[in-house]
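Topology and contacts: notes
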Amino acid sequence: MTSFVIAAVAMLIALVPAGITLARGTLADAVIGFELVTSVAVMVFALLAEGFKRPSLFEFPVILALLLFGSGLVFVRALERWL
Amino acid sequence: MIREVITDMLLALAVLTVAASAIGVAIAPDAYAKLHYVTPAAVVAPVLVALAVFVTEGLNVNTGETVVALVFMIAAAPFLSHATIRAIRVREAGDWRGHPPGEHAVTAEKTKDTEDTEERRRDSSRARETR
């Protein structure tokens, strides 16, 4: 297990407090928790791709970073208008 | 050997940044304060991860793709933060400026009217003094 995989697992464990906020907080808190979790997910994908030495998997973080922006704005707009 | 040590240090810093951000999001009192703690995880930690990949791999496709993801994240973070704050503000106050739409204009008109009246009073008093 390389240090990249260990870092990826550690990041996922470190997200537990944000996960609790996401699950138990208000709607605004949950959206903020979602933004944090998606930001970290991008890094976890990059770390796992490097850790397992799979160059093709490096496309996941790029796509997720793009989708992070769109999905975040969609959630925020829904929060503003309909929720 | 040195590369591995530097990589491990960068990764440890990235993990610490994420952990601190997650704890900050959990314990901050309100949504406005919580949003401050998203920025380090969305901007600083990806830079550290990209540097760790660069130190390990050198300048190749993997590093390039990590940097592209990093650029997207750094570009998106301020827009997303702004949109989130705006949405929370709209939910709380009805308008992102902090008051219902149209109220500001009425207040401004009232203020202007008051200023005009005071100016007229001053002019008339000056005119009396001149006489």
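Preceding this paragraph is the structure being described.
Heads up: these notes are all about the structure in this document. (Residues numbered from 1 in each chain as written. Chains lettered and ligands numbered in written order. Predicted model: local features only at pLDDT ≥ 70, side-chain atom pairs only at ≥ 80, totals over all residues. Heavy atoms only, no water.)

Some remarks on helix α1 (residues 3-14) of chain A
Taking 1.5 Å per residue as the helical rise, α1 of chain A with its 12 residues ought to reach 16 Å, and the 16 Å between its terminal C-alpha atoms agrees with that figure. Buried within α1 of chain A we find Phe4, Val5, Ala7, Ala8, Met11 and Ala14 of chain A. (Helix = DSSP H or I, 4+ residues; strand = E, 2+ residues; numbered from the N terminus. Expected span 1.5 Å × (residues − 1). Buried < 20%, exposed > 50% of the residue type's maximum accessible area, 1.4 Å probe, protein only.)

Remarks on the interface of chain B and chain A
With 44 residues of chain B in contact, the opposing surface of chain A contributes 41 residues. Across the interface of chain B and chain A, roughly 3400 Å² is buried in total on both sides, 78% from carbon and sulfur atoms. Of all residues in chain B, Glu65, Leu80 and Arg91 of chain B give up the largest surface area on contact with chain A, accounting jointly for 17% of the area buried on that side. Taken together, the links from chain B to chain A amount to one salt bridge. Lys53 of chain A is paired through a salt bridge with Glu57 of chain B; the nearest N and O atoms lie 3.5 Å apart. (Contact = heavy atoms within 4.5 Å. Buried area = accessible area lost by both parts, 1.4 Å probe. Salt bridge = Lys/Arg side-chain N within 4 Å of Asp/Glu carboxyl O.)

Focus: a nonpolar patch on the surface
Residues and elements named next belong to chain B. A cluster of nonpolar side chains, Val47, Leu51, Phe54, Leu59 and Ile74, forms an exposed patch at the surface whose accessible area comes to about 450 Å². In terms of residues, the nonpolar patch owes the most to one element, helix α3 (residues 38-57), which gives three residues. Considering the arrangement of structural elements, one finds Phe54 in helix α3. (Patch = residues over 30% accessible without salt bridge, like charges linked within 9 Å, V, L, I, M, F, W, Y side chains within 5 Å. Areas by Shrake-Rupley, 256 points an atom, 1.4 Å probe, with all protein chains shown as cover.)

Here's the deal with the packing of aromatic side chains
In the structure shown here, the tally under the stated rule is three aromatic pairs over all chains. Note on Phe45 of chain A and Phe60 of chain A: the rings are 5.6 Å apart at their centroids and 25° apart in plane angle, and the pair reads as stacked. Here Phe45 of chain A, found in helix α3 (residues 27-51), pairs with Phe60 of chain A, found in helix α4 (residues 59-81); they are 15 residues apart in sequence, far enough to count as distant. For Phe60 of chain A, a relative accessible area of 45% corresponds to the partly exposed category. Relative to Phe79 of chain B, the ring of Phe69 of chain A has its centre 6.2 Å away and its plane inclined at 65°; by these criteria the two rings are edge-to-face. Of this pair, Phe69 of chain A sits in helix α4 while Phe79 of chain B is found in helix α4 (residues 61-93), placing the two residues in two different chains. (Phe/Tyr/Trp six-rings, centres within 6.5 Å; stacked < 30°, edge-to-face > 60°.)

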